[in-house]
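Spelled out from the first residue to the last, the chains are:
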Amino acid sequence: MAGLYFHIPFCFTRCGYCDFYKTTRLEFMDAFLKTLFSEVDHYKEDFNHPLSSIYFGGGTPSLVKGADFAALFAAVKSAYHLQSDAEITIEANPDDLTAEYLDDLLELGFNRISIGIQSFHQRDLQEMGRRHNAQQARNAVELAWQRGFRNIGMDLIYGLPWSSTAYFKQNLEIFTQLPVQHLSAYHLTFEEGTPFHRLLKKGIYQEVSEEDSLEQYHLLRAFTRQKGFEHYELSNFCSPGFRSRHNSSYWNGVPYLGFGPGAHSYFGNTRRWNKSDLNLYLQGDWTKVCEEEQLSEADAFNETLMLGLRTCEGLDLKEMRTRFPKFYATLMEQSSRWISGAALVHENDRLFCTPGSWFVVDGIIEDLFVSE
Ligand code: SF4
């Protein structure tokens, strides 16, 4: 099993909280696609795993026309081994989703769509700088379902400084009424370099209190449970059988190859990434675009630990013993106080978070990290 990730770095506008690599220079789309084709071709010898997933993220992949996707799929199929039942996902902005475009996507073979809703409140959308409105958010999901998508995901953001728990609850109520099978819900973080971070520094925004954050997180868990969703990763919930195969691959250490500026790849013990620079990318000199590193034993341990503890299955201790004998005793010693504090559970040779501690899992993970 393996996956491909395509980073489509174009957006019409910039959302104030976003730190993904993107540009509003849409006039470079054609040149970008041409370079993307050559990148797909360039790495075909390096990566001969059967592909069980392809994911188009961004940026805004729904700015790519159906005809361009068709050509790209033809290039991928001729260069890589795409399994017939592969999960093929597109991230989409609600206002790009017309009936015609959705039909094109289905015809091309997309079988999963992840719609960037973020909120159903007009005030939230305006404050965040999203280009869709509240009605478009709802319509997009319903239209995707009507046209035939049967694996629909949506994103929500909570912990918004100008909002309230009651408002977030209304978002969750709408979510429960919609035909979605997957929800990714993220607490707002003020990433350095974003407009929101500057507003935080100026005191215009304040982080929401820990009590409010926790209350919203518990609401999220309650509403998703009520809809019959499982909470399978820190920020991800789904109907049974609808886990994101592509994202699960990341968490399970499955190899993947990333294309486009800012995209990351992982295979064997190698981590590779393209610099986040569209101008450089367009020159197509892969020796300059691409950087790579070999993971040290401590890096590989920390990454496995981090990914494992963020999932409901937790960390496979048998794997940790076998792969990292040098760090195993330290892991067990360090985790014992989290176990006795009931933040971690040790059961069936696995270590995992309790539902209550998942919200603070990043602090636990940091405490368990090792260095060489
Ligand atoms: S549309 Fe998505 S990628 Fe583009 S700026 Fe907004 S959050 Fe970032």
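What counts, and at which threshold
Residues numbered from 1 in each chain as written. Predicted model: local features only at pLDDT ≥ 70, side-chain atom pairs only at ≥ 80, totals over all residues. Heavy atoms only, no water. Domains from an automatic or database assignment. Contact = heavy atoms within 4.5 Å. Buried area = accessible area lost by both parts, 1.4 Å probe. Salt bridge = Lys/Arg side-chain N within 4 Å of Asp/Glu carboxyl O. Polar contact = N/O pair within 3.5 Å; in protein donor to acceptor, adjacent residues only side chain to side chain. Helix = DSSP H or I, 4+ residues; strand = E, 2+ residues; numbered from the N terminus. Near = heavy atom within 4 Å. Nonpolar A, V, L, I, M, F, W, Y, C, P; charged D, E, K, R; others polar. Phe/Tyr/Trp six-rings, centres within 6.5 Å; stacked < 30°, edge-to-face > 60°. Lys NZ or Arg CZ within 6 Å of the ring centre and 35° of its normal. Buried < 20%, exposed > 50% of the residue type's maximum accessible area, 1.4 Å probe, protein only. Axes fitted to C-alpha atoms, helices over the stretch in contact; angles between N-to-C directions. Parallel < 35°, antiparallel > 145°, perpendicular 65-115°, else oblique. Pairing = 2+ DSSP bridges. Right-handed = clockwise from strand over helix to strand, strands pointing away.

Draft legend 1. Structural view of the domain arrangement of the protein chain. Taken as a whole, the protein chain is organised into domain 1 (2-250) and domain 2 (297-372). The partner domain 2 presents nine residues to the twelve residues of domain 1 that form the contact. A buried area of about 980 Å², summed over both sides, lies between domain 1 and domain 2, and 63% of it is on carbon and sulfur atoms. For the domain 1 face of the interface with domain 2, the top three residues by lost area are Y217, E233 and L234, together amounting to 43%. On the surface where domain 1 and domain 2 come into contact, there are two salt bridges. Between R310 and E233 there is a salt bridge; the shortest N-O distance is 3.3 Å. The interface formed by domain 1 and domain 2 includes four residue pairs in polar contact (both at pLDDT 80 or more). Here the side of domain 1 that touches domain 2 gets four residues from one element, more than from any other, and that element is helix α8 (residues 210-226).

Draft legend 2. Inspection of the environment of P255 at higher detail. As for its position among the elements, P255 is in the loop between α9 (245-251) and β9 (256-259). When the C-alpha atoms of P255 and S265 are compared, they prove to be 7.6 Å apart, with ten residues separating the residues in sequence. Excluding anything up to four places from it in sequence, P255 contacts M1, A2, G3, F47, H49, Y266 and F267.

Draft legend 3. A look at the side chain of E303. With respect to the helices and strands, E303 occurs in helix α12 (residues 297-309). In terms of polar contacts, E303 uses its side chain to reach the side chain of R271, at 2.4 Å. Excluding its chain neighbours within four sequence positions, the residues that come into contact with E303 are Y266 and R271.

Draft legend 4. The arrangement of the site of the ligand in detail. Around the ligand lies a shell formed by C11, T13, R14, C15, Y17, C18, K22, G59, T60 and R130. Residues of the shell around the ligand, tallied by class, amount to four nonpolar, three polar and three charged.

Draft legend 5. Just the packing of aromatic side chains, in detail. The tally for this structure, following the rule as stated, stands at 28 aromatic pairs. Taking 5.4 Å as the distance between ring centres and 75° as the angle between the ring planes, the aromatic pair formed by F10 and F32 counts as edge-to-face. On the criterion of sequence distance, the pair formed by F10 in the loop between β1 (2-8) and α1 (29-42) and F32 in helix α1 is long-range, its members being 22 residues apart. Sitting above the plane of the W145 ring, R150 keeps its charged end 3.8 Å from the centroid.

Draft legend 6. Just the pattern of salt bridges, in detail. Here the structure, examined in full by the defined rule, presents 20 salt bridges. E313 is paired through a salt bridge with R243; the nearest N and O atoms lie 3.1 Å apart. One end of the pair, E313, is in the loop between α12 and β13 (315-316); the other, R243, is in the loop between β8 (236-238) and α9, and 70 residues separate them in sequence. Exposure remark for R243: the relative accessible area of 29% places this residue in the partly exposed category. Between D367 and R337 there is a salt bridge, and its shortest N-O distance comes to 3.1 Å. Residue D367 is located in helix α15 (residues 361-368), and its partner R337 is located in helix α14 (residues 325-340); the two are separated by 30 residues in the primary sequence. Using a relative accessible area of 24% as the deciding quantity, one classes D367 as partly exposed. Three or more residues are tied together by salt bridges with common partners; here these are D46, R272 and E292.

Draft legend 7. Broad picture of the packing of helix α2 (residues 66-79) against helix α3 (residues 99-108). For the pair α2 and α3, interaxial distance at closest approach is 10 Å and the crossing angle is 10°. With respect to each other, α2 and α3 are oriented roughly parallel. Between α2, through G66, F69, A70 and F73, and α3, the contact on the second element is made entirely by Y101, L105 and L108.

Draft legend 8. Looking closely at the pairing of β1. In terms of residue burial, β1 counts as a mostly covered element, since seven of its seven residues are buried. Neither face of β1 is left uncovered, since the one carrying A2, L4, F6 and I8 and the one carrying G3, Y5 and H7 both have all their residues buried. Bridge count between β1 and strand β2 (residues 50-58): seven bridges; the pairing is parallel. Bridge pairing in β2 places I8 opposite G58. Once you follow β1 into α1 and on to β2, the crossover reads as right-handed.

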